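# An overview of the molecular structure
Here is what each chain is made of, one letter per residue.
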Amino acid sequence: MSGSLWLKPPGPGTGTGPAADTLPAIPRPRRDGPGATAADPMDELADRLDAFIASAVHPDEIAAILESDGMTDEYIRLTYGRHDSFGLAEELFARVPRSFPEPGAAPDPWKVSLTACLLRGVIFALPGLAYLLGAPLLEGPQDRLGLPAGTLTLLAGALIGWVWDQTLSHRAYSWLGLGDRGAAGRTLLVGAPVGSLLGTAAALAVPGGPPFSYAFAAGQALYVGAATVLLVLGRERVLLAALAPMAAGALLVLFVDLPVPVRVSLLVVSLLAACTMAVRQLPLADGLRAAAHRIRGWADRRPGKDGPVRWQMLRGAEEEFAHRGPRLGDSVPYGVFGLGTGLLVLYAALGEVLAGGPAEAVAAPSAVALTLSMGPAEWLLHRFRSGSLSGLQGARSPRAFRRRMLATLGRCLALYLTVLLALGLTGTLLWPDAPVLTGVRIATLLLLGAVMWTGLLLQSFGAVRPAAVVCASAAVAQSLALLTGLGQPRAVQLVVAGAAAAVLAALVCLLLGRATAHR
């Protein structure tokens, strides 16, 4: 038999009255001393961790905080009466309402200097002043399309060189992104001369030009290759200094008729300066050593000749021949994109003349405006990336982020088109005998600017293939309309540019409206 633990055997001092049958007092903790506990430990814990609990998006975050605070499951059962940290976290998550704090100021990795971007835009447009110096040497009868003498020769060389150097630039930038500046230099060392040869060959393939036009096209191809090297390697100021003699001479021509030898000398000085500066930036010695090493290695790179067989089985015979670095195929879409946009700009300037219109219809200010606008366009691309990053930090849902992204996109695109319109109007006012910017011309210019900026935006996010397909398709459609004589040239340009802009805008909203695209 067993009895209560409080029963005591009779003995002295046990007492016999009613008090002897009462239980002793149970000791209880003091509520006003150092060891006092809260009326509800859960309330005290919720108050102490309020900021962390309110900003949590899942109870597991709270459980991690509890465990990092040293709370074991045994302590939680004794103190809070919950089974483990996850049960306690779920109750705290349900008890405290959600309250996300506003994000603090974070460093902006996409912040760039507006001056640097504007400088690049000026550098893109400055070579056009060379045509002012070389104009007397390009005089002659108009070609079969009604264009000034030598125009087709120069355009063929410039277009082919532009496409090649767009591809080359991407490959060199890919090596730079991998941290291999030497490989980028070797890529430029081989690719820039090849691009110059291709541009010169394309110019020579166009018959009927003035003799000087072929020499001018060869110099143009050399300059494009040198400029590609300097721009990729971040030597914009060096390139600007090389262009200074030619630019100064072109401005002087507006007031003084310079002799032909002086004109040619200024062109040659700028060309030699650009080529010399580019060569100094290239790793000539490393390139020659790498070429010699590769030639010697071609005969020795045979499976089974290096190392024991057991090591080759572990390593894999194909591992030695595995591809390293960026793939060549990844750079091709950038060349296609350059070809499409180049043809669209060409048609914007010469479309009416190529369709049989008068030579006075050449809209050169539009092409110059698009070229100069590439500087602000680059800066606005970075502003969009900064705005999308802020949207990621401040949005509370995918829909809220999409709204913020679209608002940032609208602001950047509107600002770019405003700059482009200002450049087009200014160029038309300053250019001698330039055609008037009618409503259709302005709409075409703005739509073409939207095509180029949204295409560059997709390209900056890695979606270059859709942008290349759209721009190339637009160029093909306009070429077919020109060759078949379908429609009025201005109307065709407006429709093609509008369709391409609409497709690219839809792609931007579809591809960039997801938060995962902005990682």
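The rules behind the values
- Residues numbered from 1 in each chain as written.
- Predicted model: local features only at pLDDT ≥ 70, side-chain atom pairs only at ≥ 80, totals over all residues.
- Heavy atoms only, no water.
- Helix = DSSP H or I, 4+ residues; strand = E, 2+ residues; numbered from the N terminus.
- Buried < 20%, exposed > 50% of the residue type's maximum accessible area, 1.4 Å probe, protein only.
- Contact = heavy atoms within 4.5 Å.
- Areas by Shrake-Rupley, 256 points an atom, 1.4 Å probe, with all protein chains shown as cover.
- pLDDT = per-residue confidence, 0-100.
- Arc of directions from axis to C-beta.
- Axes fitted to C-alpha atoms, helices over the stretch in contact; angles between N-to-C directions.
- Parallel < 35°, antiparallel > 145°, perpendicular 65-115°, else oblique.
- Left-handed = near helix turned anticlockwise from the far one by under 90°.
- Nonpolar A, V, L, I, M, F, W, Y, C, P; charged D, E, K, R; others polar.
- Core = buried A, V, L, I, M, F, W, Y, C linked by side-chain atoms within 4.5 Å.
- Salt bridge = Lys/Arg side-chain N within 4 Å of Asp/Glu carboxyl O.
- Phe/Tyr/Trp six-rings, centres within 6.5 Å; stacked < 30°, edge-to-face > 60°.
- Lys NZ or Arg CZ within 6 Å of the ring centre and 35° of its normal.
- Expected span 1.5 Å × (residues − 1).

### Observations regarding the overall build of the chain
Along its length, the chain carries 21 helices and zero strands. Burial analysis of the chain (519 residues in total) assigns 39% to the buried set. Within the chain, contacts between residues at least 6 apart in sequence are counted, and of these 77% link residues at least 24 apart. Summing over all exposed atoms, the chain offers an accessible surface of approximately 29000 Å²; the carbon and sulfur share of this is 66%.

### Concerning the confidence of the model for the chain
Residue-level pLDDT values for the chain average 82, and 81% of them are 70 or greater. Per-residue pLDDT stays below 50 along residues 1–33; that stretch engages in seven contacts with residues further than four places along the chain or on separate chains. Of the regions scoring below 50 in pLDDT, residues 303–323 engages in 17 contacts with residues more than four places distant in sequence or in other chains.

### Examining helix α1 (residues 41–48)
By the burial criterion, the buried members of α1 are Met42, Leu45 and Ala46. The arc that holds every buried residue of α1, seen down its axis, measures 100°, which confines them to one face. In the core, the buried residues of α1 are packed alongside α2 (50–55), α3 (59–68), α4 (73–80) and α5 (85–95).

### Some points on the packing of helix α8 (residues 151–177) against helix α10 (residues 211–232)
In helix packing, the relevant descriptors are the interaxial angle and the interaxial distance, both defined with respect to the helix axes. Taken N-terminus to C-terminus, the directions of α8 and α10 make an angle of 15°; their axes are 9 Å apart at the nearest point. Here α8 lies roughly parallel to α10, going by the angle between them. Crossing handedness for the pair α8 and α10: right-handed. Residues Thr153, Leu154, Gly157, Ala158, Gly161, Asp165, Leu168, Ser169, Ala172, Tyr173 and Leu176 of α8 form the contact with α10, whose participating residues are Ser213, Tyr214, Phe216, Ala217, Gln220, Val224, Gly225, Thr228, Leu231 and Val232. In terms of residue class, the contact of α8 with α10 is built from twelve nonpolar, eight polar and one charged.

### Some remarks on the nonpolar core
Formed by 57 residues in total, the largest nonpolar core has its most connected members in Leu370, Phe384, Tyr416, Trp453, Leu457 and Leu504. Breaking this core down by element, the ones donating at least two residues are α15 (332–354), α16 (364–372), α17 (374–394), α18 (398–430), α19 (439–460), α20 (464–484) and α21 (489–512). Of all the elements, α15 adds the most residues to this core, at eleven residues. Leucine 370 has contacts with Val345, Tyr416, Leu420, Leu445, Leu448, Gly449 and Met452, leaving out every residue within four places of it along the chain. The next biggest cluster of nonpolar side chains, apart from the first, holds 36 residues, and it includes Leu230, Leu231, Leu271 and Ala274.

### What to know about the pattern of salt bridges
What the rule picks out here adds up to ten salt bridges. Note that arginine 120 is salt-bridged to glutamate 236, the shortest N-O span being 2.4 Å. Pair noted here: arginine 120 is in helix α6 (residues 114–125) and glutamate 236 is in helix α11 (residues 236–253), with a separation of 116 residues, a long-range link. The exposure classification of arginine 120 matches that of glutamate 236, with both residues buried.

### Let's talk about the environment of phenylalanine 461
With respect to the helices and strands, phenylalanine 461 occurs in the loop between α19 and α20. The sequence separation of phenylalanine 461 and alanine 517 amounts to 56 residues, and the corresponding C-alpha distance is 7.5 Å.

### Here we look at the packing of aromatic side chains
What the rule picks out here adds up to four aromatic pairs. Seen from their ring centres, tyrosine 131 and phenylalanine 216 are 5.4 Å apart, and the 35° between their planes marks the pair as tilted. With tyrosine 131 in helix α7 (residues 130–134) and phenylalanine 216 in helix α10, this pair connects stretches of sequence that are 85 residues apart. An aromatic cluster is built from Tyr131, Phe212 and Phe216, whose rings are joined through pairwise contacts. Over the ring of phenylalanine 461 we find arginine 385, and its NZ or CZ is 3.9 Å from the ring centre.

### Topic: the side chain of serine 388
Tracing the chain through its elements places serine 388 in helix α17. When its relative accessible area of 3% is taken as the criterion, serine 388 is described as buried. Not counting residues up to four positions away in its chain, the partners in contact with serine 388 are Phe401 and His518.

### Observations regarding α19
In a regular helix each residue adds 1.5 Å, so 22 residues correspond to 32 Å; α19 covers 31 Å between its end C-alpha atoms and thus fits that length. Looking at the residues trailing α19, positive phi occurs at glycine 462, about 90°.

### Comments concerning the environment of leucine 284
One can find leucine 284 in helix α13 (residues 284–300). For leucine 284, a relative accessible area of 42% translates into the label partly exposed. Separated by 98 residues in sequence, leucine 284 and arginine 186 place their C-alpha atoms 8.0 Å apart. When near neighbours in sequence (up to four residues on either side) are disregarded, leucine 284 contacts Leu189 and Val279.

### Here we look at the packing of α8 against helix α9 (residues 181–204)
The N-to-C vectors of α8 and α9 enclose an angle of 170°; their axes lie 8 Å apart at closest approach. Relative to α9, α8 is oriented roughly antiparallel. For the contact of α8 with α9, the class distribution of residues is 15 nonpolar, seven polar and two charged.

### Regarding the side chain of glutamine 459
Structurally, glutamine 459 is set in helix α19. Contacts of glutamine 459, omitting those with residues within four sequence positions, involve Tyr334, Phe337 and Val464.

### Quick word on the environment of proline 435
On the secondary structure map, proline 435 appears in the loop between α18 and α19. Taking relative accessible area as the criterion, proline 435 reaches 15% and is therefore assigned buried.

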